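This is what each chain is made of:
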Amino acid sequence: MKKRFLAVMTMAVMALAALTGCGDSDGASSAASGDSSAQRTVEDIKAEGVLKVGAKSDTINIGLINTATGEYEGYDVDVAYEMAAKIFGCTYEEAVANHLVEFTSVTAKTRGGLLDNGELDCVIASFTVTDERKKSWNFTQQYRLEPVTFLVNKEAGVQTLADMDGFVIGVGQGTTTAELIEEYKEAKGLDVNYEIQDFQYISDGVAALKTGQIDAYSVDRTGLFAYMDDTTMLTEDAFGVQEIGIALKLGNDELTQFMDNALTELKESGRLDELKAKWGILTDEEVRAME
Amino acid sequence: MLESLLDPWRWERSLQDFPDYLEGFGMTLRVTAAGWLIAMCIGILLGLISTKQNKALKAVSRIYIQFFQNTPITIQFFFFYVGVPAIIKQLFHMSKAYRLSKFVIGIFGVGLYHGAYIAEVIRSGIEAVPGGQKEAALSQGFTENQAMAYVILPQTLKMILPPLTSQTLALLKNTSTLAMVVGLDLMYYADKSVGYTGYFQGYLIAAAMYFAVCFPLAMLVKVFERNAARNPELKRKKKKSRGGGLI
Amino acid sequence: MESNAIIRIEHLRKRFGDLQVLDNINLNIKKGEKLVILGPSGSGKSTLIRCINHLEKPTSGEIYIEGEQVTQKNWIRMSRDHMAMVFQQFNLYPHKTVLQNLTMAPVKLHKVPKKEAEASAMEYLERVGLANKADAYPQNLSGGQQQRVAIARALVTHPDIILFDEPTSALDPEMVNEVLDVMVQLSKEDITMICVTHEMGFARQVADRVIFLDSAKIVEEGTPEEVFTNPKSERTKAFFSKILH
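Residues numbered from 1 in each chain as written. Chains lettered and ligands numbered in written order. Predicted model: local features only at pLDDT ≥ 70, side-chain atom pairs only at ≥ 80, totals over all residues. Heavy atoms only, no water.

On to the overall build of chain C, then. A tally of regular secondary structure across chain C gives nine helices and 10 strands. Computed over its C-alpha atoms, the radius of gyration of chain C comes to 18 Å, within 12% of the 18 Å expected for a compact globule of 245 residues. When the backbone C-alpha atoms are referred to their principal axes, chain C occupies close to 55 × 45 × 35 Å. Within chain C, the fraction of its 245 residues that count as buried is 58%. (Helix = DSSP H or I, 4+ residues; strand = E, 2+ residues; numbered from the N terminus. Rg over C-alpha atoms; globule rule 2.2 N^0.38 Å. Buried < 20%, exposed > 50% of the residue type's maximum accessible area, 1.4 Å probe, protein only.)

Shown next, in the form of C-alpha cells:
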C-alpha cells in the first residue's frame, strides 16, 4: 500500500516538476542537469562519486532489502556494484565497502519516469528488453536470461500449461509475461483457456496463489524459485526467454556504450557466471538447454 | 521530463490500452451503483436505529459505525478478498478455495464502509430537526413512524443531500481501492497499462475518466447546498397558481 | 362532580432523576372549563400540561380522559381523538405551507378528503385572520402570526381539549396581544382549555379556575378573583407581588 502510494506520488511530483519546468536543485549535479535533456556522462558520475541505480527491493536473489542490515542484496545488485567498480576504476569489494552505488527501490511503474527525469543513472531491476521499450529508453545487452515458468499449488496436480484449462493465472504488473504465455500456448498448439490477473508485487501474487484466489503465478524462473515452498512447485514449462538488460535514459549513448562494454568484459572474464552461481541463477547455457 | 509527457508516441501507446480502460470504467461504474445501493440501505437502517431508544440495537449500530469508520478501507477489501472466501470454504467444507467475484468484493467493500458514513449523515440530519417538530406531530396524534415519515425525514432530506452526495463522490473514488485486490476496475487497468509501458500518460487518461463522472457530482453538491440554504418561499413562487385560487 | 370531569388526574408524580417535578397532583377538569395554571418557573406547570397528553411520561399516577385512562399504549390515539397542543415555540412544520400545516393531520389521520380539509383549514385561518397567508411558509411569518397559525392547526382537528404551553412567552411584546385576542375569542366556545401562562390579565378575563403550582405541588386553587385578590399561601403572595407590580 505504502509503496504504491509512494510510486503514484513520485509520478505525480515528476509530472508537476515537468510542467513547472522545475529542475534538479541539487548543486552537485547542476552542471549536467540544468537542462533535463542533458545526459550524464561517466565523468559526471565520477565527479559526484556515486552511481545512482534503480533496483528491485522485493525479489529474493535478484534485488531485496536485507531487513537486518538495510542493504540491497541480490544478483542485479551485484551487477550494479560491478558497474560502479568499472566506472570508478576499483574492485567490486571496494565499490561495496565505499557505498559507490546509491540504490532507489523501483517498480514497473516508477522505473521509466525516474530515468526520464534524471533521478537515476540506470535501472538494473529485471527490466526486460523489448523493441517497444527501446523507443523510450536505452538498453545494454542482456546480463541475465530468464525463462518464464509457473508456480502452482502441489495439490492442484498440474505439470504444464496444457493442464491449466480454466485457470486464473497471476502475472507481474508491467511484465511481458502475459504475452509470453500466449506465444508459448500458440507455439505448442495448446487448447487451453485461462484468465490473466496482474499483481503489483510478486509477494501479493504468491499470497493469492496460496489462499486459492488464483491457480498459478507466472514470472521469471529466478523470481518464482525463491518463493517455492512445501506446498508449491514449479511446472515443467520454461519458455519465452527474456533478455534482462540495464536501462538508461534515452539518448545517453555514451554511458550505455560504457556499460555494454563492461558487461562484455564481465561475461568474458567469467565473473558474471560466478555471480549467477552465487545467487542460484541459471547461466545462459543452462537456459538455452531448457528451452 | 516535459518532452516525455508531451511525447506523441507515449500518448499513442497509452491510448492503445483505451479499450481496457473502458472495460475497467464499466466495472467502476457498476460497482459504484450497486455499492451505493448497499451503502444507502445500511446507512438508512443504522441511521434510523441510532436515533431510536432501543439500547441494544443502538449499541450494534454504534459498534458497526465505529468499526468501519476507524479501519482502513484497504483492509476491509483484503478481508473480502481473502478472509471471507476462507470462512465460506470452512463453513461449507469445500475442497477447493472459494472465490468471490471482484464485483461482489467491490460492492461490499465500498458498500459496508460508506454505509457507516451515510448512517452518520442520516443520524445527524434527523437530530438536527428540532425536538419540537416531533412533539408537535405526536401531539396531533401521529405515531412515531408517521412523525418520522411526514415531518422529520422530509426536513432531514434537504439537509443531508449535500453530505450524501459527497459520500457518493467519495464512494466512487474509493472503488479504486479494488485495484489492490486485482479488481478489474479502472484503476486496475490504469496500473496495468502504466506498469507495462512506464508512461505516466495512462494515469492522466484514468484521471480524466474519473473526473468526468466526479466533477458533475461535485457540482451537484454545490447545487444541493445552495438549495438547502434557500428560502422555500422563493421556489414556491413559480407554481403559485394553485394556492392563489384558494385565498 | 366526577361524572362531568373530562380530565381526571390522580396521584400524578413525575421525577427527572433526583428531581421531583410533580408530587401527588390530583385534579379534575370539567368539560368546557377554562383552566389557567400559574406558578414560578421550575414549579412543574409545563410538565403537568405535557403529562396530560403523555409528551412526558408520568412516573406514577393516572390520567383519565372522558373516563378512559391514558396509557403507554393508547396515548397517541388519545391525543388524536381528544386533544391538541399549542407550544411556546409554535413548532409549525417549516417544510409545509401554512395551509399544509393545517391539512396534514385531518387528511393523514382523520381521513378527511383533501378538498374538504382545505376548505375547513381556510375557515380556521379566516378566524385567526391569516387566510391571506395560506400559501406562505412559516419562516416568512412573524412570531405572532406563526402562533395564530399554530392555534388554527390545533383547532382544525376539532379537539375536545386544547393545551396551551406558555403560548406567548417566546413572542415579542407587541405580538402578545394578537395571540391573546385569538385565545380570548376561543374561550367563548365550549372547548376545554388548559393554559400555562404568565398573562394575568388573560387569566382574569377567561379563566373559570386558576391553580397555582409551587415546588411540584398545587398550593392554591380557586377563581381568578379568589386567587389574585386573596391568596392563601405566602408563596403565592410573593409571586403575585413580583408579577403584578
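For the structure shown, the criterion picks out 42 salt bridges over all chains. Here C:Arg77 makes a salt bridge to C:Glu68, at a shortest N to O gap of 2.7 Å. Of the charged contacts in the structure, one is a salt bridge between C:Glu178 and C:Arg148, with a shortest N-O distance of 2.4 Å. Taken together, the positions of C:Glu178 in helix α6 (residues 173–187) and C:Arg148 in helix α5 (residues 143–155) put the pair 30 residues apart, joining distant regions of the chain. Taken together, the shared-partner salt bridges connect A:Arg40, A:Glu48, A:Lys52 and A:Asp121 into one network. (Salt bridge = Lys/Arg side-chain N within 4 Å of Asp/Glu carboxyl O.)

Once that is clear, we can look at α6(C). Residue and element names in this part refer to chain C. The terminal C-alpha atoms of α6 lie 22 Å apart, and with 15 residues this matches the ideal 21 Å at 1.5 Å per residue to within 8%. Among the residues making up α6, those that are buried are Met175, Val176, Val179, Leu180, Val182, Met183, Val184, Leu186 and Ser187. Residues of α6 that are buried sit in contact with β3 (34–38), α4 (114–127), α5, β7 (161–165), β8 (192–196) and α7 (200–206). (Expected span 1.5 Å × (residues − 1). Contact = heavy atoms within 4.5 Å.)

Our next topic: the confidence of the model for chain C. In regions of low pLDDT, the predicted coordinates are not meant to be interpreted in detail. Mean pLDDT over chain C stands at 92; residues scoring 70 or higher make up 98%. Our summary of model confidence lists the complex with pTM equal to 0.73 and ipTM equal to 0.92. (pLDDT = per-residue confidence, 0-100.)

For the rest of this paragraph, the subject is the sheet that holds β7(C). All names here are of chain C. The mixed open sheet is built from six strands, whose spatial order is β6-β7-β8-β3-β9-β10. Among the strands making up the open sheet, the edge pair consists of β6 (83–86) and β10 (217–222). Put simply, the sheet's adjacent strands are angled 20 degrees from each other on average, direction ignored. As defined by bridge partners, β7 adjoins β8 across five bridges and the pair is classed as parallel. Considered in β8, the bridge of Asp165 is made with Val196. Strand contacts of α5: β6 and β7, with the helix running at about 175 degrees to β6, the strand carrying the most contacts. Against the sheet, helix α9 (residues 234–243) contacts β3, β9 (209–214) and β10, and its axis sits at roughly 100 degrees relative to β9. (Pairing = 2+ DSSP bridges. Axes fitted to C-alpha atoms, helices over the stretch in contact; angles between N-to-C directions.)

Attention now moves to the interface of chain B and chain C. Facing the 26 residues of chain B at the interface are 34 residues of chain C. Taken over both partners, the interface formed by chain B and chain C buries close to 2,600 Å², and the fraction arising from carbon and sulfur atoms is 58%. There are one salt bridge connecting chain B and chain C. One salt bridge connects B:Glu135 with C:Arg50, and the closest N-O pair in it is separated by 2.6 Å. On inspection of chain B and its partner chain C, the count reaches seven residue pairs in polar contact (both at pLDDT 80 or more). Where the side of chain B that touches chain C is concerned, the elements lending two or more residues are α7 (131–140), α8 (144–174), α11 (232–236) and α12 (241–246) of chain B. It is α7(B) that contributes the most residues to the side of chain B that touches chain C, eight residues altogether. A breakdown of the residues in the side of chain B that touches chain C according to their chemical character gives 10 nonpolar, 11 polar and five charged. (Buried area = accessible area lost by both parts, 1.4 Å probe. Polar contact = N/O pair within 3.5 Å; in protein donor to acceptor, adjacent residues only side chain to side chain. Nonpolar A, V, L, I, M, F, W, Y, C, P; charged D, E, K, R; others polar.)

Another aspect to go through is the pairing of β7(C). Residues and elements named next belong to chain C. When you tally the buried positions in β7, you get five out of five residues, the bulk of the element. Taking every second residue as pointing to the same face, both faces of β7 are buried, with Ile161, Leu163 and Asp165 on one and Ile162 and Phe164 on the other. Following the chain from β7 across α6 to the adjacent parallel β8, one finds a crossover that is right-handed. (Right-handed = clockwise from strand over helix to strand, strands pointing away.)

In total, this model carries 23 aromatic pairs over all chains according to the counting rule given. Plain terms: the ring middles of A:Phe127 and A:Trp137 are 5.8 Å apart, the flat faces sit at 55 degrees to each other, and that makes the pair tilted. Separated by 10 residues along the polypeptide, A:Phe127 in the loop between β6 (122–123) and α7 (131–134) and A:Trp137 in strand β7 (residues 137–153) bring together distant segments of the chain. Like A:Phe127, the residue A:Trp137 is buried in the burial classification. Measuring from ring centre to ring centre gives 5.9 Å for A:Trp137 and B:Tyr199, while their planes differ by 40 degrees; the resulting arrangement is tilted. Taken together, the residues span two chains, with A:Trp137 in strand β7 and B:Tyr199 in the loop between α9 (186–197) and α10 (201–229). The ring of A:Phe127 is capped by A:Arg111, whose NZ or CZ atom sits 3.8 Å from the centre of that ring. (Phe/Tyr/Trp six-rings, centres within 6.5 Å; stacked < 30°, edge-to-face > 60°. Lys NZ or Arg CZ within 6 Å of the ring centre and 35° of its normal.)

Let's shift gears to the sheet that holds strand β2 (residues 58–59) of chain A. All names here are of chain A. Across the sheet, three strands lie side by side as β2-β3-β4; this open sheet has antiparallel pairing. On the outer flanks of this sheet lie β2 and β4 (72–73), each paired with one strand and no other. With two bridges joining them, β2 and strand β3 (residues 63–65) adopt antiparallel strand pairing. When the bridges of β3 are listed, Thr59 appears paired with Gly63.

So, about the interface of chain B and chain A. Contact residues are listed per partner, giving 32 residues for chain B and 39 residues for chain A. Regarding the contact of chain B and chain A, the summed buried area is about 3,100 Å², with carbon and sulfur atoms giving 55% of it. Our enumeration of links across chain B and chain A arrives at five salt bridges. Put simply, A:Asp198 and B:Lys192 hold a salt bridge, and the shortest N to O gap is 3.6 Å.

All right, on to the arrangement of the chains then. For this structure, the chain pair with the highest number of contacts among two pairs of chains in contact is chains A and B. Chain A shows no contact with chain C. Their nearest C-alpha atoms sit 46 Å apart.

On to the nonpolar core. Residues and elements named next belong to chain C. Counting residues in each nonpolar core, the largest one holds 112 residues, and the members touching the most others are Ile7, Ile9, Leu48, Ile65 and Ile194. Contacts of Ile7, omitting those with residues within four sequence positions, involve Leu27, Asn28, Ile29, Ile52, Tyr64, Ile65, Ile161 and Ile194. Among the nonpolar cores identified, the runner-up in size contains 51 residues, and Leu38, Val128, Ala134 and Ala136 belong to it. (Core = buried A, V, L, I, M, F, W, Y, C linked by side-chain atoms within 4.5 Å.)

Bringing unusual backbone geometry into the picture now. Residue and element names in this part refer to chain C. For His11, which is not a glycine, the phi torsion comes out positive at approximately 50 degrees. Following the sequence through the fold, His11 ends up in strand β1 (residues 5–16). Backbone geometry places Asn24, a non-glycine residue, at a positive phi of 55 degrees. For Asn24, the location among the structural elements is in strand β2 (residues 19–30). With relative accessibility at 33%, the residue Asn24 sits in the partly exposed group.

Structurally, A:Glu94 can be placed in helix α5 (residues 92–97). Residues A:Glu94 and A:Met259 lie 165 residues apart in sequence; the distance between their C-alpha atoms is 18 Å.

What follows deals with the pairing of strand β9 (residues 194–199) of chain A. Along any regular strand, the residues point their side chains to alternate faces of the sheet. All names here are of chain A. Most of β9 is tucked away, with five of its six residues classed as buried. Examined bridge by bridge, strand β8 (residues 167–172) and β9 share six bridges and lie parallel to one another. Within the sheet, the bridge partner assigned to Val168 lies in β9 and is Glu195. Following the chain from β8 across helix α8 (residues 177–188) to the adjacent parallel β9, one finds a crossover that is right-handed.

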